[in-house]
Amino acid sequence: MTQSRNRILGLATVIYPVTDLSRAKAWYATAFGKEPYFDQPFYVGFEIAGYELGLVPDEGRPGPDGGVAYWRVDEIDSAVARFTAAGAAIVSEAKDVGEGIKVATVADPFGNAIGLIENPHFDLSKAGPGT
């Protein structure tokens, strides 16, 4: 079922909600030994071994159930349509979060959150054929 512009390209990002973005940014910088590559009041992003670790302020619920892993897709609207056609429910509609990056979250039929991210800044030349 591989279609052009409707591929899952691999795991991309995990995003953790935090209640104190400045404190969390400092902690993650120390813990991983590197500074964020993207640092805005609405999002802090770290590149860790080719993947992204993101921090968002007061969004969701910090704690063991708060993080969402985001799967890289080449076109967010097609990906959301694919997942909902398979029985997923939309948790958060696709939205542009800046610099051409779009995210959405769906829930599988079992209640698990699945994040989808379209990010034109990822080097897609390293992506596999996708599914």
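Draft legend 1. Expanded view of the sheet that holds strand E3 (residues 43-48). A sheet is described by the order of its strands in space; here eight strands give the open sequence E2-E3-E4-E1-E5-E8-E7-E6, paired in mixed fashion. Since the sheet does not close on itself, it has two edges, and those belong to strand E2 (38-40) and strand E6 (89-98), each with one partner. If you compare each strand with its neighbour and ignore which way they point, the axes differ by 25° on average. Sheet analysis places E2 next to E3, joined by three bridges and oriented antiparallel. Along E3, the bridge assignment pairs Asp39 with Val44. Docked against the sheet, helix H1 (residues 21-32) engages strand E1 (8-18), E2, E3 and strand E4 (51-57), running at close to 155° with respect to E4. On top of the sheet, helix H2 (residues 76-85) reaches E1, strand E5 (68-73), E6, strand E7 (101-107) and strand E8 (113-118); it is set at about 155° to E8, its chief contact.

Draft legend 2. Inspection of the nonpolar core at higher detail. Core analysis: the largest hydrophobic core is formed by eleven residues, namely Ala12, Ile15, Phe38, Tyr43, Val56, Val68, Tyr70, Ile101, Val103, Ile117 and Phe122. When contributions to this core are tallied by element, the ones reaching two or more residues are E1, E5 and E7. Contacts of Ile117, omitting those with residues within four sequence positions, involve Ala12, Thr13, Tyr70, Trp71, Arg72, Val73, Ile76, Ile101, Lys102, Val103 and Phe122.

Draft legend 3. Up close: the pairing of E7. Where burial is concerned, most of E7 is hidden: six out of the seven residues are buried. Note: E6 against E7, six bridges, orientation antiparallel. Looking across to E7, one finds that Lys95 is bridged to Val103. Between the antiparallel neighbours E6 and E7 lie two residues, among them Glu99 with a positive phi of about 55°. Strand direction decides the pairing type here: E7 and E8, joined by six bridges, are antiparallel. When the bridges of E8 are listed, Lys102 appears paired with Glu118.

Draft legend 4. Examining the packing of aromatic side chains more closely. Taken as a whole and judged by the stated rule, the model has seven aromatic pairs. With a centroid separation of 6.3 Å and 10° between ring planes, the pair formed by Tyr28 and Phe32 is classed as stacked. Of this pair, Tyr28 and Phe32 both sit in helix H1, four residues apart, which is roughly one turn of the helix. With a relative accessible area of 15%, Tyr28 lands in the buried category. Since its relative accessible area comes to 40%, Phe32 is described here as partly exposed. Ring-pair connections join several aromatic residues into one group, and the members of that group are Tyr16, Trp27, Tyr28, Phe32 and Phe46.

About the cut-offs
- Residues numbered from 1 in each chain as written.
- Predicted model: local features only at pLDDT ≥ 70, side-chain atom pairs only at ≥ 80, totals over all residues.
- Heavy atoms only, no water.
- Pairing = 2+ DSSP bridges.
- Helix = DSSP H or I, 4+ residues; strand = E, 2+ residues; numbered from the N terminus.
- Axes fitted to C-alpha atoms, helices over the stretch in contact; angles between N-to-C directions.
- Contact = heavy atoms within 4.5 Å.
- Core = buried A, V, L, I, M, F, W, Y, C linked by side-chain atoms within 4.5 Å.
- Buried < 20%, exposed > 50% of the residue type's maximum accessible area, 1.4 Å probe, protein only.
- Phe/Tyr/Trp six-rings, centres within 6.5 Å; stacked < 30°, edge-to-face > 60°.

Worth remembering: the numbers are spatial, not functional.
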